[in-house]
Amino acid sequence: MTHRTPVPSLRLLAAAVAMLTALSLVVTTAVETPDRAEAYTTKIYRGAGNAPYVGIIGDSTLSGVRWYNTYGDFYEYNFVFDAESCRRTIAESCRGREGYAPLNGLQTLRRLDGRWGRVLVMMTGYNDPGWQFDDAVDAVVAEARRQGIDKVMWMSLRTADVSYVSPEYESDSYTFRDNNRILLQKAVQYRGYLQVSDWATHSANRSDWVTPDGVHMTYSGGFALMAFITNQLDRVTDGKTVTPPPRSGANATWTAVRRGDYGSRVVTVQRALINRGFEVVGGADGDFGAYTETAVKRFQRSRGLDDSGVVGPVTAEQLGIYEPPPPEVANPTCKISRTLRPGDRLGQVRCLKLHLASHGFEVGRYDTYYGTALVDAMKYFKAVRGGRYDGIASEWALRRLGAYSAPPPRPRCGVSVRIRPGDRLADIDCLSRVIASYGFRNRRSYSYGTTQVEGVNYLKANRGMPTNGVVTAEFLQSIGLWRERRASPPCYLSSELRRGDTDRVSCLRRHLYANGYRTGTGTTFGTFIELAIRHVESVNGLPVDGTADRAVLRALGAWRAPASTARVETETTTTVATQTVPPTTTAAPTTTVPPTTAAPTTAAAPTTTVVPATATTTSTSTTVAPPTTVAPPTTTAAPPATAGADTDAATATTTDG
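Please read these numbers as outputs of a predicted model, since none were measured by experiment.

**Quick notes on the nonpolar core**
Alright, step 1. Grouped together as the largest cluster of nonpolar side chains are 99 residues, with contacts concentrated most on Leu352, Leu356 and Leu508.
Alright, step 2. The dominant element in this core, judged by the number of residues it contributes, is helix 12 (residues 372-383), at seven residues.
Alright, step 3. In this structure, leucine 352 is in contact with Ile336, Leu340, Tyr370, Leu374, Met378, Ala393, Leu398 and Leu401, ignoring residues within four places of it in sequence.
Alright, step 4. Counting 31 residues, the second-largest nonpolar core is a separate cluster that includes Phe79, Trp209, Val236 and Val242.

**Notes on the state of the cysteines**
Alright, step 1. Using the criterion set out here, one finds four disulfides in the structure.
Alright, step 2. Each sulfur in the disulfide pair cysteine 334 and cysteine 351 lies 2.1 Å from the other. Negative torsions about the S-S bond denote left-handed disulfides, and the value of about 105° found for cysteine 334 with cysteine 351 makes this one right-handed. Taken together, the residues span a long stretch of sequence, with cysteine 334 in the loop between helix 10 (313-319) and helix 11 (347-358) and cysteine 351 in helix 11 at a distance of 17 residues.
Alright, step 3. Each bonded cysteine in the chain gets a number by its place in the sequence, and the pairs come out as 1-2, 3-4, 5-6, 7-8.

**Description of the sheet that holds strand 5 (residues 151-155)**
Alright, step 1. With mixed pairing, six strands are arranged side by side in an open sheet as 1-3-2-4-5-6. For this open sheet the edge positions go to strand 1 (43-45) and strand 6 (194-197), each flanked by a neighbour on one side alone. Averaged over all adjacent pairs, the angle separating strand axes in this sheet is 15°, with direction ignored.
Alright, step 2. Pairing between strand 1 and strand 3 (residues 78-83): three bridges, direction antiparallel. Bridged to lysine 43 within strand 3 is phenylalanine 81.
Alright, step 3. Contacting strand 4 (119-123), strand 5 and strand 6, helix 4 (residues 133-146) runs over the sheet at an angle of about 150° to strand 5.
Alright, step 4. Across the face of the sheet, helix 7 (residues 219-237) comes into contact with strand 2 (53-58), strand 3, strand 4, strand 5 and strand 6 while running at roughly 150° to strand 5.

**As for the pattern of salt bridges**
Alright, step 1. With the rule as written, the count across this model stands at 22 salt bridges.
Alright, step 2. The partner of arginine 110 in a salt bridge is glutamate 143, and the shortest N-O contact between them spans 3.5 Å. Of this pair, arginine 110 sits in helix 3 (residues 105-111) while glutamate 143 sits in helix 4, and the two are 33 residues apart along the sequence.
Alright, step 3. Arginine 110 sits in the partly exposed class, given a relative accessible area of 47%.
Alright, step 4. Note on glutamate 143: relative accessible area 7%, which makes it buried.
Alright, step 5. Taking the shortest distance from any N to any O, the salt bridge between arginine 146 and aspartate 113 comes out at 2.6 Å. Within this pair, whereas arginine 146 is found in helix 4, its partner aspartate 113 is found in the loop between helix 3 and strand 4, the two being separated by 33 residues in sequence.
Alright, step 6. The exposure class assigned to arginine 146 is exposed, which follows from its relative accessible area of 51%.
Alright, step 7. Here the residues in one salt-bridge network are Arg110, Asp113, Glu143 and Arg146, joined through shared partners.

**Digging into unusual backbone geometry**
Alright, step 1. Backbone geometry at arginine 191 places phi at a positive 50°, although glycine is not the residue there.
Alright, step 2. Relative to the assigned elements, arginine 191 resides in the loop between helix 5 (173-189) and strand 6.
Alright, step 3. In the Ramachandran plot, arginine 504 falls in the positive-phi region, its phi being about 65° despite a non-glycine side chain.
Alright, step 4. For arginine 504, the position within the fold is in the loop between helix 16 (473-478) and helix 17 (505-514).

**A few points about the packing of helix 2 (residues 60-68) against helix 7**
Alright, step 1. Between helix 2 and helix 7, the least distance of the axes is 9 Å, while the angle of their chain directions is 110°. Between helix 2 and helix 7, the crossing angle belongs to the class labelled roughly perpendicular. Each of Thr61, Leu62, Val65 and Tyr68 in helix 2 lies in contact with helix 7, whose residues at this interface are Tyr219, Gly222, Leu225 and Met226.
Alright, step 2. In terms of residue class, the contact of helix 2 with helix 7 is built from six nonpolar, two polar and no charged.

**Thoughts on the packing of aromatic side chains**
Alright, step 1. Counted by the stated rule, this structure contains 18 aromatic pairs.
Alright, step 2. For the ring pair tyrosine 71 and phenylalanine 81, a centre distance of 5.0 Å and an interplane angle of 80° mean the geometry is edge-to-face. Separated by ten residues along the polypeptide, tyrosine 71 in the loop between helix 2 and strand 3 and phenylalanine 81 in strand 3 bring together distant segments of the chain. Comparing tyrosine 71 with phenylalanine 81 shows no difference in burial state: the two are buried.
Alright, step 3. Arranged with centres 5.7 Å apart and planes meeting at 45°, the rings of tryptophan 199 and phenylalanine 228 form a pair that is tilted. Remark: phenylalanine 228 occurs in helix 7 and tryptophan 199 occurs in helix 6 (residues 199-202); sequence separation between them is 29 residues. Each member of the pair, tryptophan 199 together with phenylalanine 228, is buried.
Alright, step 4. These aromatic residues form a ring-pair network of at least three members: Tyr45, Tyr71, Phe74, Tyr75, Phe79 and Phe81.
Alright, step 5. Of note, lysine 379 hangs over the ring of tyrosine 389, and the distance from its end group to the ring centre comes to 5.5 Å.

**Overview of the confidence of the model for the chain**
Alright, step 1. Confidence in the prediction for the chain averages 80 pLDDT; 79% of positions are at 70 or higher.
Alright, step 2. Per-element averaging of pLDDT across the chain places helix 25 (residues 643-656) at the bottom with 34 and strand 4 at the top with 98.
Alright, step 3. Note that residues 2-38 has pLDDT below 50 and, in this model, 56 contacts with residues that lie over four places away or in other chains.
Alright, step 4. Per-residue pLDDT stays below 50 along residues 572-657; that stretch engages in 36 contacts with residues further than four places along the chain or on separate chains.

**Some words on helix 2**
Alright, step 1. For helix 2, the tally of buried residues reaches nine of nine residues, placing the bulk of the element in the interior.
Alright, step 2. Three or more residues of helix 2 are buried, namely Ser60, Thr61, Leu62, Ser63, Gly64, Val65, Arg66, Trp67 and Tyr68.

**With respect to the side chain of threonine 241**
Alright, step 1. Assignment of secondary structure puts threonine 241 in the loop between helix 7 and helix 8 (264-275).
Alright, step 2. Filtering out sequence-adjacent residues up to four positions away, threonine 241 remains in contact with Gln195, Arg235, Val384 and Arg385.

**Describing the pairing of strand 2**
Taken residue by residue, a regular strand's side chains alternate between the two faces of the sheet.
Alright, step 1. Of all the six residues making up strand 2, five are buried; the element is thus mostly covered by neighbouring parts of the structure.
Alright, step 2. Here six bridges tie strand 2 to strand 3, and the two strands are oriented parallel to one another. From the neighbouring strand, glycine 55 faces strand 3, where its bridge partner is valine 80.
Alright, step 3. The parallel pair strand 2 and strand 3, bridged by helix 2, forms a crossover whose chirality is right-handed.
Alright, step 4. One ladder, built from five bridges, connects strand 2 with strand 4; its direction is parallel.

What counts as what
- Residue positions within a chain follow its written sequence, with the count starting from 1.
- Where local features are concerned, this predicted model is filtered to residues with pLDDT of at least 70; where side-chain atom pairs are given and counted, the filter is 80 or more; whole-chain, interface and lining totals use all residues.
- With hydrogens and water stripped out, all remaining heavy atoms of the structure feed into the side-chain values.
- Remark: nonpolar core denotes a set of buried residues (Ala, Val, Leu, Ile, Met, Phe, Trp, Tyr, Cys) joined through side-chain atoms within 4.5 Å.
- Exposure classes here rest on a 1.4 Å probe applied to the protein chains alone. A residue is buried below 20% of its type maximum, exposed above 50%, and partly exposed in between.
- In this text, helices come from DSSP runs of H or I with a minimum length of four residues, and strands from runs of E with a minimum of two, each type numbered from the N-terminal end.
- In this description, contact between two residues means that some pair of their heavy atoms is separated by no more than 4.5 Å.
- Throughout, disulfides are identified as pairs of cysteine sulfur atoms within 2.5 Å of each other.
- Whether two strands pair depends on DSSP finding at least two bridges between them.
- Comment: axis = line fitted to C-alpha atoms, over the contacting stretch for helices; angle = value between 0 and 180 degrees taken between N-to-C directions.
- Salt bridge criterion: a side-chain nitrogen from Lys or Arg within 4 Å of a carboxyl oxygen from Asp or Glu.
- When an angle is under 35 degrees it counts as roughly parallel; over 145 it counts as roughly antiparallel; between 65 and 115 it counts as roughly perpendicular; any other value is oblique.
- Side-chain classes are defined by residue name, with Ala, Val, Leu, Ile, Met, Phe, Trp, Tyr, Cys and Pro counting as nonpolar, Asp, Glu, Lys and Arg as charged, and the others, Gly among them, as polar.
- Ring pairs shown here join Phe, Tyr and Trp side chains whose ring centres sit within 6.5 Å, with only the six-membered ring taken for Trp; geometry is labelled stacked below 30 degrees between planes, edge-to-face above 60, and tilted in between.
- Lysine and arginine charges are scored as sitting over a ring when NZ or CZ, respectively, is within 6 Å of the ring centre and within 35 degrees of the ring normal.
- What pLDDT expresses is the predictor's confidence in each residue, scored from 0 to 100.
- Look down the strands so they point away from you; if the path from the first strand over the helix to the second goes clockwise, the crossover is right-handed.

Printed below as a string of structure tokens:
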């Protein structure tokens with residue numbers, strides 16, 4: 001937005017007029033001043049080029065700008081300005097310093113119907129009775145809407161060091177506090193159409209801007225007021241919100257509580273004093289009077305503090321009713337990627353608290369619980385910006401807080417293994433990215449840590465599953481992350497593998513993949529394979545050392561005994577079988593062979609009796625033949641130790657014969 005800046009001559013002229021006015025504050029304006037409100041003092045300015053048109057209606061607290069001609073920065077806008085002393089908002093105005101009772105605020109708004117521009121600024125309420133102010137706000141808002149005005153911006157009423165009492169004692173500093181609370185409530189009710197510009201807080205420590213009564217402007221205060229209004233209009237016309245957070249309880253920036261204050265914050269101070277053993281006469285009645293001030297001073301002296309009687313941030317912290325905000329509140333950089341709701345326990349809840357606290361809201365403790373204080377703050381924040389009064393941190397609200405960041409797209413990956421808190425796997429990177437796509441902010445990692453467990457438990461709770469942090473197949477299927485396992489590969493391993501190996505690693509990798517593990521690519525036993533092996537060891541109760549030994553390979557279904565070991569086992573089985581043959585084959589010849597004829601051609605018969613017994617009948621039929629005279633003692637002497645030795649001995653005997 002481009003605004004026209006006031007020329008130096010205007011400031012010089014304003015200073016000259018102010019000097020003349022200061023000589024006698026009782027001098028009236030050059031406008032006629034009859035008894036009734038026909039003596040209009042409306043100022044219309046159309047010299048700001050393409051700047052927006054705005055309107056402003058005020059009472060004597062704003063009239064000082066007209067008396068001193070201190071419009072200053074307000075010349076950046078085209079405007080209609082109407083301020084009268086002793087003006088009330090909807091009730092009949094009292095007679096002001098200019099000798100007549102002006103039109104009230106609502107009548108003035110109607111008198112210039114259609115000429116107020118985009119935003120109407122209201123600075124009334126100092127002369128209104130407290131019981132009527134809420135009706136006054138409703139009436140002005142209704143009329144502004146009828147005229148098509150975009151927004152109403154109401155200036156909050158000063159309450160610090162105010163001694164002003166309106167004519168007929170209709171209102172005073174207590175009424176002004178009540179009026180401010182009404183304004184904040186109405187800002188919520190009208191969903192941002194009514195903006196509350198916090199002049200009370202902005203000017204609280206600037207006694208030089210106001211006269212001794214605490215509400216009317218001095219010469220410098222007139223310039224300061226119009227500079228503030230101009231700044232606030234810049235924000236409102238740009239679609240932003242200027243309504244402050246409600247001042248109740250411990251705020252991100254503590255507002256001092258002192259004598260003359262009353263309300264819930266005073267009750268909080270009084271209860272804290274009583275709980276620490278300091279007597280407050282009258283109890284926690286919400287009225288900060290002399291007794292409460294005395295108790296505060298006694299407490300301050302007991303803690304070595306300046307006994308000013310004012311409950312500032314240091315005293316409030318010592319009382320335990322104020323927690324100084326963490327450094328991040330000044331400029332929170334964290335982002336939120338999902339809707340947060342009352343009752344949530346998430347790390348992103350703390351981020352939400354930091355952002356709301358940076359806007360001045362009370363959020364309670366800076367923990368990860370979405371509790372009552374945060375719900376109230378979010379309700380108010382949303383309502384005054386035109387949102388729903390529901391306390392839910394929706395995307396709409398997060399965007400207006402400057403805290404929203406869109407979640408990353410869902411990755412195209414899957415998980416096929418059971419994961420427990422503390423596990424380290426390549427698969428956890430996929431899990432982390434999928435959880436991030438649900439709006440849970442966490443960094444990519446191969447460790448299943450706190451942030452991942454938090455997101456998993458949240459999603460499991462919404463699906464009625466146990467919130468134990470364990471990633472099961474059922475949970476993976478519920479979020480579409482389950483990946484079906486492949487069939488076991490046709491290769492096998494007969495020796496252990498360890499980190500750095502390259503031989504047969506591709507086979508090990510295929511078996512791991514068939515068991516659900518992601519191990520990357522390559523032919524080297526690297527980090528991903530080691531993490532998967534350690535997980536296999538942990539799941540199966542094996543010593544965890546990351547080595548693919550026989551036990552691990554058996555668990556994976558990848559183990560096959562080496563060929564040499566298989567042959568040894570086969571030979572051992574054969575030897576046992578042949579050792580049972582000799583007793584059976586040698587018993588028959590000793591009982592059935594007659595010692596009669598000897599035939600040299602049958603000398604080989606004993607040799608046939610030691611052939612591995614495929615059938616006992618063969619040995620029996622062979623031994624019936626008449627042996628030589630020397631063969632029986634040789635064959636019946638003793639059973640041989642082995643089949644081979646037996647064969648060699650028989651052959652030798654035959655050869656010698």
